[in-house]
Amino acid sequence: MRLILAHLIQILVAGLGGLVFYWLGVPAAWLSGSAIAATLWGLTGWALPLPRALADAAMLTSGAAMGAAVTPAAIEAMGRYPGSLILLVFGVMAISAASSAWLVRISGWRKADAVLASVPGALSTVLAVAADRKAEVAAIAIVQNFRLFVLIALLPSLVVMTGGEGNAGALVGAGLPVESPGGMAFILLGGLVLGTVFKKLKVAAPILLGATIVSSVSHGTEFVTGVIPPAIATGGLVLIGLFIADRFRNLQRSTLRRALVSALGSFTVGMVVAALFASVAAWLAGVSFANGLVAFAPGGLEAMTVLALILGLDPLYVGIHHLVRFLGIGLVLPFLIGWLQRSRPEAAE
């Protein structure tokens, strides 16, 4: 009972953080507010890791909510995206190169560690490769997590200032027709089954991706219409905020202080490059700069795709870009780091 109570308390804390941000009119209030509140709660030493079942439930409902935006009209619009996706490939390389150059030349990092810290997103893949290659895992984790945290905290406001739509603080799906119980059960159960298959195949964000695909196909074919009940979808965002905050626990403060300046410089350089590519990609795809900025932002697959949903952007456009980026990083990164360490033997010491 004590364990259950402790989990309920920290969920309540995260929810209150989202509610405060909602009252203050902060964009993406329920996600950014819960993540910040949960991170502060973690400093008390009373926080607990989010149970895997709750994290999966959050991903399931968020994926179902995102797929509801895939209408026949949205699918037709995908014909404009190939040029943007090609530009994404060059954008990822440019972001990584600029950020790693900062870490090597200004902060004095080893090349292989700098590349791992500069890869935009795919944190689980990055840390797995870092551990396998005996890299500076703690410092790399700080730089990667700092980037994600700043994006969640500040990017929503930046998007609104640059012309993003106004679904910044409201409950997700508020004012839209709600799915029937049968349709909702079909999407959630189907998403869970497909997500379990993806998990067996070691696919990134398997439950989120499974639910998104089932929901997208169902809504794109108009087999199912309507959205997940707003209260449920918003509760999922609060849990995702807790999931994000989990990444900041167990980091030693001494390591945090040393890596913070490196993280700030690396993030700033990478974000400037991302914004430049985003502006061109948005023009090519015929979408707003706000859509392009979130699609090219160097954040995690789950966080950035969900952020697009709650900011009223095009989650299909944003999600495709982040999925392509994630899969590309997962395929290329192990070979790249291996090559760097073979060409620089000191990097493997």
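Because the structure is predicted, anything quoted here is derived from the model rather than measured.

Let's talk about the overall build of the protein
Of the regular secondary structure elements, the protein holds 15 helices and zero strands. Expressed as a percentage of contacts within the protein between residues at least 6 apart in sequence, the contacts between residues at least 24 apart total 77%. Summing over all exposed atoms, the protein offers an accessible surface of approximately 15,500 Å²; the carbon and sulfur share of this is 72%.

Things to note about the pattern of salt bridges
Per the stated rule, a full pass over the model turns up three salt bridges. Where Asp56 meets Arg52, a salt bridge forms, and the shortest distance between an N and an O atom there is 3.1 Å. In this pair, Asp56 and Arg52 both sit in helix 3 (residues 52–67), four residues apart, roughly one turn of the helix. The residue Asp56 makes a salt bridge to Lys199 at a minimum N-O spacing of 3.3 Å. Residue Asp56 is located in helix 3, and its partner Lys199 is located in helix 9 (residues 181–200); the two are separated by 143 residues in the primary sequence.

A few points about the packing of helix 3 against helix 10 (residues 206–220)
Here helix 3 crosses helix 10 at 25°, and the two axes come no closer than 7 Å. In terms of orientation, helix 3 and helix 10 fall into the roughly parallel class. Classified by chirality, the crossing of helix 10 by helix 3 is right-handed. Within the contact between the two elements, helix 3 uses Asp56, Met59, Leu60, Ser62, Gly63, Ala64, Met66 and Gly67 and helix 10 uses Ile207, Leu208, Ala211, Thr212, Ser215, Ser216 and His219. A per-class count over the contact of helix 3 with helix 10 returns seven nonpolar, seven polar and one charged.

Focus: the packing of aromatic side chains
Per the stated rule, a full pass over the model turns up five aromatic pairs. Taking the centre distance of 5.7 Å and the plane angle of 65° together, the rings of Trp41 and Trp46 count as edge-to-face. What makes Trp41 buried here is its relative accessible area of 18%. Residue class for Trp46 comes out exposed when judged on its relative accessible area of 60%. Plain terms: the ring middles of Phe146 and Phe267 are 6.4 Å apart, the flat faces sit at 85° to each other, and that makes the pair edge-to-face. One end of the pair, Phe146, is in helix 8 (residues 137–161); the other, Phe267, is in helix 12 (residues 253–285), with 121 residues separating them in the sequence. Assessed through its relative accessible area of 12%, Phe267 is described here as buried.

Overview of the packing of helix 2 (residues 29–42) against helix 8
The packing of two helices is summarised by the inter-axis angle and the distance between the axes. Look at helix 2 against helix 8: their axes get within 8 Å of each other, and the N-to-C directions meet at 130°. By the criterion of interaxial angle, the relationship of helix 2 to helix 8 is oblique. Of the two elements, helix 2 crosses helix 8, and the hand of that crossing is left-handed. Only Phe149, Ile152 and Ala153 of helix 8 make contact with helix 2, whose side of the interface consists of Leu31, Ser32, Ala35, Ile36 and Thr39. Its residues assigned to classes, the contact of helix 2 with helix 8 comprises six nonpolar, two polar and no charged.

What about the nonpolar core?
In a soluble, globular protein the nonpolar side chains are often hidden away together inside. Counting 81 residues, the largest nonpolar core has Leu31, Trp109, Ile152, Leu155, Ile244, Met304 and Tyr317 as its most contacted members. Top contributing element to this core by residue count: helix 8, with ten residues.

Concerning unusual backbone geometry
Although it is not a glycine, Glu222 adopts a positive phi angle of roughly 60°. Here Glu222 lies in the loop between helix 10 and helix 11 (230–246). Note on Glu222: relative accessible area 56%, which makes it exposed.

A few points about helix 3
Look at helix 3: 22 Å from first C-alpha to last across 16 residues, which is about the 22 Å you get at 1.5 Å a residue. For helix 3, the tally of buried residues reaches twelve of 16 residues, placing the bulk of the element in the interior. Among all positions in helix 3, only Ala55, Asp56, Ala58, Met59, Leu60, Thr61, Ser62, Gly63, Ala64, Ala65, Met66 and Gly67 are buried.

Side note on the environment of His322
One can find His322 in helix 15 (residues 315–343). The buried category is assigned to His322, whose relative accessible area is 0%. Along the primary structure His322 and Ala295 are separated by 27 residues, whereas in three dimensions their C-alpha atoms are 6.4 Å apart. Only 2.3 Å separates the side chain of His322 from the side chain of Arg325, close enough to count as a polar contact.

The rules behind each value
- Residues numbered from 1 in each chain as written.
- Predicted model: local features only at pLDDT ≥ 70, side-chain atom pairs only at ≥ 80, totals over all residues.
- Heavy atoms only, no water.
- Helix = DSSP H or I, 4+ residues; strand = E, 2+ residues; numbered from the N terminus.
- Contact = heavy atoms within 4.5 Å.
- Areas by Shrake-Rupley, 256 points an atom, 1.4 Å probe, with all protein chains shown as cover.
- Salt bridge = Lys/Arg side-chain N within 4 Å of Asp/Glu carboxyl O.
- Axes fitted to C-alpha atoms, helices over the stretch in contact; angles between N-to-C directions.
- Parallel < 35°, antiparallel > 145°, perpendicular 65-115°, else oblique.
- Left-handed = near helix turned anticlockwise from the far one by under 90°.
- Nonpolar A, V, L, I, M, F, W, Y, C, P; charged D, E, K, R; others polar.
- Phe/Tyr/Trp six-rings, centres within 6.5 Å; stacked < 30°, edge-to-face > 60°.
- Buried < 20%, exposed > 50% of the residue type's maximum accessible area, 1.4 Å probe, protein only.
- Core = buried A, V, L, I, M, F, W, Y, C linked by side-chain atoms within 4.5 Å.
- Expected span 1.5 Å × (residues − 1).
- Polar contact = N/O pair within 3.5 Å; in protein donor to acceptor, adjacent residues only side chain to side chain.

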